[in-house]
Amino acid sequence: MAITDDASEDRRSSPGAPRAPIDSQEPPAAPVASEDEPVRWGLRAWLMLVVVCGAFSLDALDNIMIGIATPQIKADFDMSNSAAQWVVSAYVLGFGGFLLLGGRLSDLLGRRRVFLIGLVVLAAGSLLGGLAGNGLMVIVGRLVMGIGAALTAPSALAIVIGNFPEGPQRNRALGIYTACGAVGYSIGVVIGGLLTEVSWRLTFMLGVPVALAALVGALILVPKDTPHDGSKRHYDASGAITVTAAMLLLVYGIVQAPEVGWSAPATLSVFAVAALLLVAFTVIERRSPEPLLRLGLLRNKALLGASLIAAAILGTYMSYQFVGSLYLQSYRGWSPLEMGFAFLPIGVMIFIFAPRAGKLLNRLGVRGMMFGGMFLYTVAFLLFLGIGPDSSYWTMILPSMVLIGVGFPFAFTAANIQATSGLAESEQGLGAGILQTGYQVGAAVVLAVVTVRMGGEDTDHTREQLLDGYHQGTWVVIVVAAFSALAVAVAAWAAKRRGQAPAADKQPAPVPADTVDERIG
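Residues numbered from 1 in each chain as written. Predicted model: local features only at pLDDT ≥ 70, side-chain atom pairs only at ≥ 80, totals over all residues. Heavy atoms only, no water.

## Digging into the overall build of the protein chain
A tally of helices and strands in the protein chain yields 16 helices and 0 strands. By residue count, 57% of the 521 residues in the protein chain fall in the buried class. Restricting to contacts in the protein chain with at least 6 residues of sequence separation, those with at least 24 account for 84%. (Helix = DSSP H or I, 4+ residues; strand = E, 2+ residues; numbered from the N terminus. Buried < 20%, exposed > 50% of the residue type's maximum accessible area, 1.4 Å probe, protein only. Contact = heavy atoms within 4.5 Å.)

See the structure below:
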């Protein structure tokens, strides 16, 4: 996953947006004024950030909680293994399939409006799943929840980017945003375990009041979208249909491949149709006067590099959590609640370090933060590789979780900043959608490869074979993390040879802290 940074075309900026090369090779920095300048916000700015981060946390929380509840759902509805898999996969399908469309809609219709719509869809999907009378309705509910998340995730990030000016304000806001989302992934295993002990339906129903509370908060606190200038809008329906269908088929093929085989005719056919749809989408976008996706954006090396790192960040993290869950529950016999508390240190470390990521960016720069995060990931996975039949949690597993909890906010915050800094106001939502697509597709691809390397979780496997499978799966995440760290280091070395200044040195003029409150209030 090489990350290079060459300039290719001038950015098309929206009126009033600062001029900056959107396709610049140099990753837009962690631009900061001075690490000694305190960043202070008013109450309204804090409350708005809480609302947006709460929705982001809900996306993560739902995904993890219901994954833990899946065995109980399977038992209640007497579902087959392949059917039960879709309780998890339907969410990934809806999320990954609609992300690009959700990101672009937030640019066209307004990020606040799309955020509100996404919260309503999330609440509806949660309610449908919680009240489902059969397995099919649970799967449909999960698909709807994934679509809702595809609307809220890019619009939420675009709201943060649009309301906190580039520099220390935005770096701090994105650090808090990172903490909330990542903690959602971590505490989801604890909350999911607790609720599943009572009823798996509660893992769905919890999302309803949380989404509605975020909806009310957003109506009050998130600034209204800029009024449209009255010109006729072109929504590029054909482009939206082809790219959404292509992404749906791509994610579907990735999810199904470990079960039916990567070289199976069904898998190859799905990938072939997805490729044809992407070709058709490219042709449509080249001819469209107002394309859904400006193809020049795909030459933005900073955005694409950040999206590839994003794929590695979430792909390796989710795969580690998957292997670790099987090791602790299936192999060691731990309960879901015990496993949830075992993973809690990741969330604690993220909560501690993520809000401080902005200050670290001043010193290390974007590439330095991404390298540090992926390096810590690599060390953590290498430590976890030592698990055995009776490994101590405190000496073998806990150290790897602590390192992941430190590395995640380093890499995650830096990727978000690199991907969205310097983008035109009219393309912030789409840029966020591309980045989020990297996260979701990465999670699906890496987890699929890990599953193949593990050789399944068949009941006729001996304990030795199961343990060897966990080691094989861990080697996959080690290779992905190490290669990503190396790619960032090579990109930094190449930039230094070209004489480019480190990203952290390119700083805009300081922006007064009360500017944030003026934008929001």
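That covers the picture; the talk isn't over yet.
## Some thoughts on the environment of Ser57
By the element assignment, Ser57 lies in helix 1 (residues 43-76). In the structure, Ser57 is positioned 120 residues away from Tyr177 in sequence and 8.7 Å away in space, judged by C-alpha atoms. Excluding anything up to four places from it in sequence, Ser57 contacts Cys180, Gly181 and Gly184. Only 2.7 Å separates the side chain of Ser57 from the backbone oxygen of Cys180, close enough to count as a polar contact. (Polar contact = N/O pair within 3.5 Å; in protein donor to acceptor, adjacent residues only side chain to side chain.)

## Things to note about empty space enclosed by the protein
To find leftover empty space, one rolls a probe the size of a water molecule over the atoms. Tallying each qualifying case throughout the model produces 1 cavity of 30 Å³ or more. Taken as a whole, the largest cavity encloses approximately 130 Å³ of empty space. Lining of the largest cavity is provided by 16 residues; of these, Phe56, Tyr185, Leu314, Gln436 and Gln440 occupy positions nearest its centre. Those elements giving two or more residues to the lining of the largest cavity turn out to be helix 1, helix 2 (81-108), helix 5 (168-198), helix 13 (393-420) and helix 14 (428-454). (1 Å grid on protein atoms, 1.4 Å probe; cavity = no way out; pocket = protein on both sides within 12 Å on 5 of 7 lines; lining within 4 Å. Points joined across faces, edges and corners; volume = space filled by probe spheres on them.)

## Description of unusual backbone geometry
Of note in the backbone geometry, Asp78 takes a positive phi value of approximately 50 degrees without being a glycine. Tracing the chain through its elements places Asp78 in the loop between helix 1 and helix 2.

## Overview of the side chain of Thr242
Mapping Thr242 onto the fold places it in helix 8 (residues 237-260). Reaching out from Thr242, the side chain makes a polar contact with the backbone oxygen of Gly239 at a distance of 3.1 Å. When neighbours within four sequence positions are excluded, Thr242 is seen to be in contact with Leu277, Phe281 and Ile284.

## Looking at the pattern of salt bridges
Under the defined criterion, the tally for this structure stands at 2 salt bridges. A salt bridge links Asp107 to Arg104; the shortest N-O distance between them is 3.4 Å. Here the residue Asp107 and the residue Arg104 both occupy positions in helix 2, the gap between them amounting to 3 residues, near one helical turn. Side by side, Asp107 and Arg104 carry an identical accessibility label, which is buried. Among the ionic pairs, Glu166 bridges to Arg170, the shortest N-O distance being 4.0 Å. The class for Glu166 is partly exposed, based on a relative accessible area of 27%. (Salt bridge = Lys/Arg side-chain N within 4 Å of Asp/Glu carboxyl O.)

## Structural notes on the packing of aromatic side chains
By the definition in use, this model includes 23 aromatic pairs. Residues Phe77 and Trp200 carry aromatic rings whose centres are separated by 5.7 Å and whose planes lie at 70 degrees to one another, so their mutual orientation is edge-to-face. Of this pair, Phe77 sits in the loop between helix 1 and helix 2 while Trp200 sits in the loop between helix 5 and helix 6 (201-205), and the two are 123 residues apart along the sequence. Cluster of aromatic residues (ring-pair linked, three or more members): Tyr320, Tyr327, Tyr331, Phe343, Tyr377, Phe381, Phe384 and Tyr470. When the ring centre of Trp41 is taken as origin, the NZ or CZ atom of Arg172, which lies over that ring, is 5.0 Å away. The ring of Tyr331 carries Arg463 above its face, with NZ or CZ at 3.9 Å from the centroid. (Phe/Tyr/Trp six-rings, centres within 6.5 Å; stacked < 30°, edge-to-face > 60°. Lys NZ or Arg CZ within 6 Å of the ring centre and 35° of its normal.)

## Considerations on a nonpolar patch on the surface
A contiguous nonpolar patch, built from Trp262, Val445, Val449 and Val452 and spanning about 280 Å² of accessible area, is present on the exposed surface. As for its position among the elements, Val452 is in helix 14. (Patch = residues over 30% accessible without salt bridge, like charges linked within 9 Å, V, L, I, M, F, W, Y side chains within 5 Å. Areas by Shrake-Rupley, 256 points an atom, 1.4 Å probe, with all protein chains shown as cover.)

## A look at the environment of Gly133
Checked against the element boundaries, Gly133 lands in the loop between helix 3 (111-130) and helix 4 (135-163). By relative accessible area, Gly133 is classed as exposed at 62%. Distance from Gly133 to Phe77, taken between C-alpha atoms, is 8.5 Å for residues 56 residues apart in sequence.

## As for helix 10 (residues 301-331)
For helix 10, which comprises 31 residues, the first-to-last C-alpha distance of 43 Å matches the rise-based estimate of 45 Å (1.5 Å per residue) to within 8%. Counting buried residues in helix 10 gives 25 out of 31 residues, a clear majority hidden from the surface. The first or second residue beyond helix 10 is Gly333, which carries a positive phi of 80 degrees. (Expected span 1.5 Å × (residues − 1).)

## Looking at the packing of helix 1 against helix 7 (residues 207-221)
With their axes 9 Å apart at the nearest point, helix 1 and helix 7 run at an angle of 150 degrees to one another. By the criterion of interaxial angle, the relationship of helix 1 to helix 7 is roughly antiparallel. Like other packed secondary-structure pairs, helix 1 and helix 7 cross with a definite hand, here left-handed. On helix 7, the residues touching Arg44, Leu47, Met48, Val51, Leu58 and Asp62 of helix 1 are Gly207, Val210, Ala211, Ala214, Gly217, Ala218, Ile220 and Leu221. (Axes fitted to C-alpha atoms, helices over the stretch in contact; angles between N-to-C directions. Parallel < 35°, antiparallel > 145°, perpendicular 65-115°, else oblique. Left-handed = near helix turned anticlockwise from the far one by under 90°.)

## Considering the confidence of the model for the protein chain
Model confidence for the protein chain is summarised by a mean pLDDT of 81, while 85% of its residues fall at 70 or above. The low-confidence segment residues 1-36 (pLDDT under 50) makes 122 contacts with residues lying over four places distant or belonging to another chain. (pLDDT = per-residue confidence, 0-100.)

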